[in-house]
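Observations on chain architecture
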Amino acid sequence: ALTGVASAGRVSDYVGTLAWVQQLPPEDQLAPMITTLRNAYADPVRAAEAASDWLRSMDDLPLPSEDATKAITAVSQRYARHAPSNAAHWAINLAHTEARTLSVDLVTKEWAATEPNALAEWLTSVPPSSERDRALHHLLSNIVDSPDTAKAWAQELQSDSLRATWEQRLRGPKHALFVTP
């Protein structure tokens, strides 16, 4: 029943629906929160804030279901399309490890495809981590036509295996550059 209410309100009053879901007891929030977050197109900024709060309440437990993963995916992708720089800042600062990894990957993949120079600028302020390496991978995938720049960025990768893979790709034939690890 609670999911039905969340579903009915998701378009007509997205912010109100989020507020309603957030006031529910924690044991009743899961299904309505997932339903509401999966419709993040209504207000991706507010959805990202709600997702952060919800994830913080879960400590660092695994995402509770495939539907929860899909909800975080929806928020990340829609926020990245709306405001990629803000979405990247949001994603890299998520306290929940699994959601942070997923969100950074999705946001930076979207951002690299549309604004690789802006992503590169943002990456200069991100400390070394596996999430930064995934973002660098997406950047490299979109700047392969600039081999000198790509080689310089490949040196920034913390993962020895990912760095070696990119160094090899940047030395090899152009068609090999588009295979993802």
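Scroll up to find the structure.
Heads up: these notes are all about the structure in this document.

**Overview of the overall build of the protein chain**
Helix and strand content of the protein chain: eleven helices and zero strands. When the helices and strands of the protein chain are listed from N to C terminus, the series reads α-α-α-α-α-α-α-α-α-α-α. Counting the 181 residues in the protein chain, one finds 44% classified as buried. Here the analysis covers contacts within the protein chain between residues at least 6 apart in sequence; of these, 56% occur between residues at least 24 apart. Taken as a whole, the protein chain presents about 9000 Å² of accessible surface, with 52% of it coming from carbon and sulfur.

**Details of the pattern of salt bridges**
All told, the structure shown has nine salt bridges when counted by the stated rule. Salt-bridge contacts for Glu66 lead to Lys70; the nearest nitrogen and oxygen are separated by 3.3 Å. Of this pair, Glu66 and Lys70 both sit in helix 5 (residues 66-82), separated by four residues, roughly a single helical turn. In this structure Glu66 comes out as exposed when scored by relative accessible area, which is 56%. Accessibility expressed as a relative area gives 37% for Lys70, which makes it partly exposed. Residue Glu156 pairs with Arg132 through a salt bridge whose shortest N-O separation is 3.4 Å. With a gap of 24 residues between them, Glu156 in the loop between helix 10 (147-154) and helix 11 (160-171) and Arg132 in helix 9 (residues 130-142) connect regions that are remote in the sequence.

**Remarks on the packing of aromatic side chains**
In this structure the tally under the stated criterion is two aromatic pairs. Centroid distance Tyr79 to Trp90: 5.9 Å. Interplanar angle 65°. Geometry classified as edge-to-face. A residue pair is termed long-range when its members are at least 10 positions apart, and Tyr79 in helix 5 and Trp90 in helix 6 (residues 84-92) qualify at eleven residues. Comparing Tyr79 with Trp90, the two get one shared label, buried. Taking the centre distance of 5.9 Å and the plane angle of 55° together, the rings of Trp111 and Trp122 count as tilted. On the criterion of sequence distance, the pair formed by Trp111 in helix 7 (residues 97-114) and Trp122 in helix 8 (residues 116-123) is long-range, its members being eleven residues apart.

Rules and cut-offs
- Residues numbered from 1 in each chain as written.
- Predicted model: local features only at pLDDT ≥ 70, side-chain atom pairs only at ≥ 80, totals over all residues.
- Heavy atoms only, no water.
- Helix = DSSP H or I, 4+ residues; strand = E, 2+ residues; numbered from the N terminus.
- Buried < 20%, exposed > 50% of the residue type's maximum accessible area, 1.4 Å probe, protein only.
- Contact = heavy atoms within 4.5 Å.
- Areas by Shrake-Rupley, 256 points an atom, 1.4 Å probe, with all protein chains shown as cover.
- Salt bridge = Lys/Arg side-chain N within 4 Å of Asp/Glu carboxyl O.
- Phe/Tyr/Trp six-rings, centres within 6.5 Å; stacked < 30°, edge-to-face > 60°.

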